[in-house]
Amino acid sequence: MPTYAYPSRTVRDAEVPLLEAGAPLMARAAAALARFSAEVLRARRGLVTGSRVCVLAGPGNNAGDALYAAAALARLGARVGVIVLFGTTHGNGLAAAVRAGADVIDLDSGQDTAQRTAALTELTRAGLVLDGILGTGGRRGLPPHVARLIRDWRESEFGGTVVAVDMPSDLDPASAGPESRIHADATLTFGGLKAELIDPRSARFTGPVHVVDIGLGLSAEAAVAELLAPEDLATEFPRPGPESHKYSRGVIGVVAGSREYPGAGVLTTGAAVGTAPGMVRFLGAHDVGERVLDRHAEVVLGPGRLDALVVGSGDPETGAIETGLATIAGTAVPVVLDAGAIEMVGHAEAAPVPGAAGRLHGRPVVLTPHAGELSRLLSRLLGEIITAGRVAADPLLWARRAAADTGHIVLLKGSQTVIACPDGFAVLPAPGPASLATAGSGDVLTGIIGTLLAAAQAKRRTGGEDGPMPDRVVAHTAGLGVLLHNAAGYLSINAEQLVTAVGQVTSALVHSGRAADGILVQ
């Protein structure tokens, strides 16, 4: 099941009625943090007893979580030190830690050299540091004495593990001064995944993020993003059933390849075939179609009923694109635009394919640019130069901006692919292997995504659902396509092998969920 991400305020608001009713939310969070911390310590040195644990304690409730967890670790034999950074902290949590034997260092302003030296020593020798300085309600920016302590600590020979409690303090990947911020080895966040933690730029500050359910009951409708894991693909892949036939499994149309880039047509179509549709129709240039048939005899050349259409890989000729778009006129089937076809979007006048904007209206459209292609689209839309470097530096921001401005779903390819809907909702599939950064890999992804959309559209059609597929469903389905592409990437080193691997992964998914586990979960 996907992991959903929520604005921090949504999580805090969900806590209020439960706290007023007496629900022990802090006790649940602290217990989970203590268990996780004990596992970290046992992994480091085999036992908790004798381990050194340091708590960086701020004024908020995440300090309470950390202090209660530290008290539990002290009762297991850990040697606990608490550094109080703001002159005050969570009173009951601090009392519990002291009763369990914790030592306390008060570093209110950092003016006391002896206290500052003691705090730095405590941090440096700890095997585990719990970051409870600032939580979701804290303001951005750390006081100078805290920033200095963190900077000096990061420059020391510290070799322990840092666990952020709920989220790393002063998390702001866009601002300067990362040397004075917490860089956690892992983050435990409570109640729900906070939206700040899913920004790809935050990964160097958070480490792996673990979500602890403390009983808030947050709904998927309140989420602003979802994270997809390989297990989601194994669960949701559209497997045929006893009543299935080729039209119920989805018909995908492919407009790809050209005289200059015929291989793109072969790769896109091959990936579509390997993803197990009911039928693949190739609508591109005749000579490319001949090459496709040489590889895949089951492909049908020429137009007909479609459940999804992919256009653009390998810069197909305008006539082929017009044929493809004409085939879906009067329908709401989804379209995937890749490579050169993205140029059809964002032109105030003189679009490369006349009438394309009207043909795309009223249906889900997925754009699949890399950073360079998205920078060109954004430059057209915004009337200013947006470089590929700016896009790559903040992919989620720019994908959301492009989706909002075009009204289309934007799948921005990269080491962390991000998918954005026009309303700002985002889908983040788990990253794949670096070997996918190779010529033709994007063509393969386009074929996969188009085929999964065709299957989803066919299911809607046979189930009597009218109208366009909802954007979030489209984005989710595209995210599953990214996961399949990733899984095939672990079995290949170039695009031709990748096409073959797509069929291998799909075969495992279709015929045996258990067999797929070994391929999908790397």
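Residues numbered from 1 in each chain as written. Predicted model: local features only at pLDDT ≥ 70, side-chain atom pairs only at ≥ 80, totals over all residues. Heavy atoms only, no water.

## A word on the overall build of the protein chain
Line of reasoning, step 1. A count of helical and extended segments in the protein chain gives 19 helices and 19 strands.
Line of reasoning, step 2. Since a compact globule built from 522 residues should have a radius of gyration of about 24 Å, the 26 Å found for the protein chain is in line with a globular shape.
Line of reasoning, step 3. Once the C-alpha set of the protein chain is aligned to its principal axes, its extents read approximately 80 × 55 × 45 Å.
Line of reasoning, step 4. Sequence-distant contacts, at least 24 apart, represent 73% of the contacts inside the protein chain between residues at least 6 apart.
Line of reasoning, step 5. Accessible surface, the protein chain: about 21,200 Å² in total, of which carbon and sulfur atoms supply 51%.
Line of reasoning, step 6. Within the protein chain, the 51 negative side-chain charges are centred at a point lying 4 Å from the centre of the 43 positive side-chain charges. (Helix = DSSP H or I, 4+ residues; strand = E, 2+ residues; numbered from the N terminus. Rg over C-alpha atoms; globule rule 2.2 N^0.38 Å. Contact = heavy atoms within 4.5 Å. Areas by Shrake-Rupley, 256 points an atom, 1.4 Å probe, with all protein chains shown as cover. Lys, Arg positive; Asp, Glu negative; His and termini not counted. Charge placed at Lys NZ, Arg CZ, Asp CG, Glu CD.)

## Brief notes about the pairing of strand β7 (residues 186-190)
Line of reasoning, step 1. β7 sits mainly inside the fold: five of its five residues count as buried.
Line of reasoning, step 2. Burial along β7 is two-sided: A186, L188 and F190 and T187 and T189, pointing in opposite directions, are all buried.
Line of reasoning, step 3. Pairing analysis gives three bridges linking strand β6 (residues 161-165) to β7, with the strands arranged parallel. Residue pairing in the sheet places V163 in a bridge with A186 of β7. (Buried < 20%, exposed > 50% of the residue type's maximum accessible area, 1.4 Å probe, protein only. Pairing = 2+ DSSP bridges.)

## A look at the sheet that holds strand β16 (residues 365-367)
Line of reasoning, step 1. Pairing is mixed across the open sheet formed by 12 strands, whose spatial order is β8-β1-β10-β19-β18-β17-β16-β15-β14-β11-β12-β13. Looking at the sheet topology across the chains shown, the edges are occupied by β8 (193-194) and β13 (300-301).
Line of reasoning, step 2. Sheet strands touched by helix α16 (residues 441-462): β11 (251-255), β14 (308-311), β15 (335-337), β16 and β17 (409-412). Its angle to β14, the strand with the most contacts, is close to 165 degrees. (Axes fitted to C-alpha atoms, helices over the stretch in contact; angles between N-to-C directions.)

## Digging into the environment of A220
Line of reasoning, step 1. Summarising the element assignment, A220 is placed in the loop between β9 (209-212) and β10 (225-228).
Line of reasoning, step 2. Taking relative accessible area as the criterion, A220 reaches 30% and is therefore assigned partly exposed.
Line of reasoning, step 3. Not counting residues within four places of it along the chain, the set of residues in contact with A220 comprises Y4 and Y6.

## Some thoughts on the domain arrangement of the protein chain
Line of reasoning, step 1. In terms of domains, the protein chain is made up of domain 1 (3-223) and domain 2 (231-236 + 246-340 + 360-504).
Line of reasoning, step 2. In this structure, domain 1 and domain 2 have C-alpha centres spaced 42 Å apart.
Line of reasoning, step 3. In this complex, domain 1 contributes six residues to the contact, which on the side of domain 2 involves nine residues.
Line of reasoning, step 4. Across the domain 1 to domain 2 interface the summed buried area is about 570 Å²; carbon plus sulfur atoms make up 67%.
Line of reasoning, step 5. Per-residue buried area on domain 1 facing domain 2 is highest for I198, P200 and R201; these three make up 68% of the total on that side.
Line of reasoning, step 6. Our count for the domain 1 to domain 2 interface comes out at one salt bridge.
Line of reasoning, step 7. Measuring nitrogen to oxygen at the nearest pair gives 3.4 Å for the salt bridge that ties D394 to R201.
Line of reasoning, step 8. Connecting domain 1 to domain 2 are one residue pair in polar contact (both at pLDDT 80 or more).
Line of reasoning, step 9. Across the side of domain 1 that touches domain 2, the residue classes break down as three nonpolar, no polar and three charged. (Domains from an automatic or database assignment. Buried area = accessible area lost by both parts, 1.4 Å probe. Salt bridge = Lys/Arg side-chain N within 4 Å of Asp/Glu carboxyl O. Polar contact = N/O pair within 3.5 Å; in protein donor to acceptor, adjacent residues only side chain to side chain. Nonpolar A, V, L, I, M, F, W, Y, C, P; charged D, E, K, R; others polar.)

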